[in-house]
Amino acid sequence: MKSTILYFLHGFLLGLTCLSQSFATEVRFLGMGHLSLVVEDETNQINLYRFGDNVAGALKDEETSTASGDFSFAQQKSKTAGKIDSLRYTAFGQAFPKSLREYTPFELLAGELDFPIFNLPGNSITWIQRKTGEERNIFGEVSRPQAYGMNFSYSTMKRDSLSKQYKETVNTPQVEIFYNQNYSERISWGLKLGGFQGKYKHSETKDEVSLTNFGAGLGGGFSFAEKLWLGLVLDGHLPKFEEVTTSFGRTDRITYSGTGFRTGLQTICNIARLKAGGRFAYHRVKTKGKTGTFSVDSFEGMTRVLYNLLFIPVKLGGMCGYDRKKPVDKDDVGRIDYQAKVSTFLFGSGAGLKVPLGTVGAEYHLESRKIDDVFEDTTISGKNYEINIGAEFNLVKTIFLRVGYIVGQEDPDIKVSKNEWKSNTITAGIGVDILQKIKADFAYNHIVSKPKDNPNGKEVKENVAMLTVKVKY
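In this text, all values refer to a predicted model and were calculated from it rather than measured experimentally.

Rules behind the numbers
- Numbering of residues starts from 1 in each chain and follows the order in which that chain's sequence is written.
- In keeping with the predicted nature of the model, local features appear solely for residues at pLDDT of at least 70, side-chain atom pairs appear and are counted solely at 80 or more, and the whole-chain, interface and lining totals rest on all residues.
- The side-chain figures draw on all heavy atoms in the structure; neither hydrogens nor water molecules are used.
- Only DSSP runs of H or I reaching four residues or more are called helices, and only runs of E reaching two or more are called strands; each is numbered from the N terminus.
- Note on definitions: a residue-residue contact is assigned when non-hydrogen atoms from the two residues lie within 4.5 Å.
- Using a 1.4 Å probe, the Shrake-Rupley method yields the accessible areas, and only the shown protein chains count as cover for residues.
- Two strands make a pair as long as DSSP finds a minimum of two bridges between them.
- Exposure classes here rest on a 1.4 Å probe applied to the protein chains alone. A residue is buried below 20% of its type maximum, exposed above 50%, and partly exposed in between.
- Each reported salt bridge corresponds to a side-chain nitrogen of Lys or Arg within 4 Å of a carboxyl oxygen of Asp or Glu.
- Centre distance within 6.5 Å is the pairing criterion for rings of Phe, Tyr and Trp, where only the six-membered ring of Trp is used; planes under 30 degrees apart are then read as stacked, over 60 as edge-to-face, and the remainder as tilted.
- Confidence scores here are pLDDT values: one per residue, from the predictor, ranging 0 to 100.
- Counted as positive: Lys and Arg. Counted as negative: Asp and Glu. His and the chain ends are not counted at all.
- Pairs of N or O atoms are called polar contacts if they sit within 3.5 Å, as long as, within protein, a hydrogen donor faces a hydrogen acceptor (for residues adjacent in sequence, only side-chain-to-side-chain pairs).
- Nonpolar core, defined: a set of buried Ala, Val, Leu, Ile, Met, Phe, Trp, Tyr and Cys residues in which side-chain atoms within 4.5 Å join the residues together.

Engineer: Whenever I open this one, the overall build of the chain confuses me. Can you help?
Structural biologist: For the chain, the count of helices and strands is four helices and 20 strands. The contacts in the chain between residues at least 6 apart in sequence include a share of 61% that link residues at least 24 apart. Here the chain displays about 23,000 Å² of accessible surface, and carbon together with sulfur accounts for 60% of that area.

Okay, structure coming up:
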């Protein structure tokens, strides 16, 4: 346990300092400079279901039933001193989704394997049926307003070694079903069931690392005159982590399984020109194996605000978030092998202006992370920022054109000089809306990253394409 988990921890906790906080941006925003604070869309509304991640808000998330599909592709190549490096990364969908990254130690998979985490939605198909009329059930009773549906996704990432002729893959299938009912005009409740598996394979060594997780969750919501909402979620899950290694004809298997729970509170406010939301959650995971235990206590808090100015068509948006994780690794007799505190602070602000042919906007995003290794008595602090500029133009009634530009900087450790990376991203997209019943959005991103103090050194290029189609009925 010690060698596996500690290797995961160091790789993951150090590697994640380069993650952008705009990770969950949807396809429309990906085409217009990743603007996600000053533009409100069906996919990022400040409500219980989208912002609060509470199944009790699924019915009121939209007015109609929907069926949608998301598909994405990304590829990363790099050059050093003008020569193409041997490693190439190709992704179809988000192989490291939030559901995988959230459940430590299994989120450590990406860092241990040194995979990049692309800003992509998953390859998924989602269906939501909403019933708001007075329909009668098989007993002749009037059914309460309700919503139910399911989501299935499958994403994969591959790393090819062009020189050594081997490949490594990460596959992540997920499935979730849910039900939501309005108990009364003010009270709603919901239930969700689901599971996922994240699995890594190496074609040459036959090594495998996997996480399988199944769980269920309850959600409740209370509304005050459709202006203020309060929500509560309680989730439980059964994670299982397994590593299989082969060396000199011998196969070793390490298995850790356990339980986890998550509880969270949400509040949503929608008064006049102001929309605001806050969510807070506590999450604990504990796994146990033959050689010890591994546990993580997590706390997350997030707020978001969107305000429409009076008299002028300007929207101001902002967000602030804090996340803290405390991983602890113990051997089979209870001695601590590793203990750390990982704190992440997120901040974002921006403004959007409505113009005759569309919308233009700009945002600033900051991510600051500190890792205190209690066991080794060391501290690492990192800081990343992005400046986002984007626009959407409605030149024809049903067609939307989008463009954007992003400049960013990543500093994995501010105490170490000359380790910053600068990135430049060009975004473009197009959207089609037919009679407000069928929507299709496509986005393309081209990203170039270089060391700040060595522009002639390693250069990393990414090409990302995304497509989403949605039908309302």
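Alright, that's what it looks like, and here's the rest.
Engineer: Sorry if this is basic, but what is going on with unusual backbone geometry here?
Structural biologist: Backbone geometry follows two general trends: most residues other than glycine have a negative phi, and most peptide bonds adopt the trans configuration. Its identity is not glycine, yet His34 carries a phi of approximately 60°, on the positive side. The residue His34 is located in the loop between helix H2 (27-31) and strand E1 (66-80) in this model. In this model, Phe311 sits at a positive phi of 80°, which is unusual for a non-glycine residue. Counting through the fold element by element, Phe311 comes out in the loop between strand E12 (292-308) and strand E13 (314-331).

Engineer: Honestly, the pairing of strand E19 (residues 438-451) in this entry has me stumped. Any pointers?
Structural biologist: Regular strands have side chains that alternate between both faces of the sheet. Pairing between strand E18 (residues 421-434) and E19: 14 bridges, direction antiparallel. What sits directly across from Thr425, in E19, is Ile447. The loop that links E18 with its antiparallel partner E19 comprises three residues; one of these, Leu435, has a positive phi angle of about 55°.

Engineer: How should I be thinking about the pairing of strand E20 (residues 459-472) in this particular structure?
Structural biologist: Taken together, the 14 bridges between E1 and E20 define a ladder with antiparallel strand orientation. Within E20, the position partnered with Asp70 by the bridge is Thr468. Bridge count for E19 against E20 is 12 bridges, and the pairing is antiparallel. Counterpart to Ala443 in the pairing with E20 is Met466.

Engineer: What exactly am I supposed to notice about the environment of Ser36 here?
Structural biologist: Among the secondary structure elements, Ser36 is positioned in the loop between H2 and E1. A relative accessible area of 16% means that Ser36 is categorised as buried. Remark: the alpha-carbon pair of Ser36 and Gly350, spanning 314 residues in sequence, is separated by 9.3 Å.

Engineer: Explain the pattern of salt bridges here, please?
Structural biologist: When the charged atoms of two side chains lie near each other, side chains of opposite charge can form a pair. Scanning all chains against the criterion turns up 29 salt bridges. Note that Arg253 and Glu242 form a salt bridge whose closest N and O atoms lie 3.2 Å from each other. Here Glu242 lies in strand E9 (residues 228-247) and Arg253 lies in strand E10 (residues 250-271), a separation of 11 residues in the sequence. Each member of the salt-bridge network shares a partner with another, and the members are Glu42, Arg50, Asp61, Glu62, Arg130, Lys439, Lys470 and Lys472.

Engineer: What's the story with the packing of aromatic side chains in this structure? I'm lost.
Structural biologist: Each aromatic ring pair is characterised by the separation of its centres together with the angle its planes make. A complete count under the given rule lists seven aromatic pairs for this structure. Ring centres of Trp127 and Tyr148 lie 5.8 Å apart, and the angle between their planes is 70°; this geometry places the pair in the edge-to-face category. Of this pair, Trp127 sits in strand E4 (residues 124-131) while Tyr148 is found in strand E5 (residues 146-161), placing the two residues 21 residues apart along the sequence. Trp127 gets classed as partly exposed once you look at its relative accessible area, which sits at 33%.

Engineer: So what exactly am I meant to see when it comes to the confidence of the model for the chain here?
Structural biologist: For residues with low pLDDT, the predicted coordinates do not support detailed interpretation. When pLDDT is averaged across the chain, the result is 85; 88% of the residues are at 70 or more. Strand E17 (residues 399-411) holds the highest mean pLDDT among the elements of the chain, 94, whereas helix H1 (residues 2-15) holds the lowest, 43. Throughout residues 1-25 the model reports pLDDT below 50, and contacts reaching past four residues in sequence, or to other chains, amount to 72 contacts. Contacts of residues 104-111 to residues separated by more than four positions or lying in other chains number 31 contacts, the stretch itself having pLDDT below 50.

Engineer: What exactly am I supposed to notice about the side chain of Glu363 here?
Structural biologist: Here Glu363 shows up in strand E15 (residues 358-373). The buried charged residue Glu363 lacks any salt bridge, with Arg304 as its nearest oppositely charged partner at 7.1 Å. Here the side chain of Glu363 touches His365 through a polar contact of 2.8 Å, side chain to side chain. When residues no more than four places from it in sequence are discounted, the contact partners of Glu363 are His34, Leu35, Ser36, Leu37, Val38, Ser349, Gly350, Glu386, Ile387 and Asn388.

Engineer: Please explain the nonpolar core as it appears in this structure.
Structural biologist: The nonpolar side chains of a soluble globular protein tend to be buried with one another. Core analysis: the largest hydrophobic core is formed by 21 residues, its most contacted members being Phe96, Phe115, Phe118, Leu120, Met157 and Met466. Where this core is concerned, the elements lending two or more residues are H2, strand E3 (87-92), E19 and E20. Judged by nonpolar contacts, the second largest core, of 10 residues, contains Ile46, Phe51, Leu306 and Leu346.

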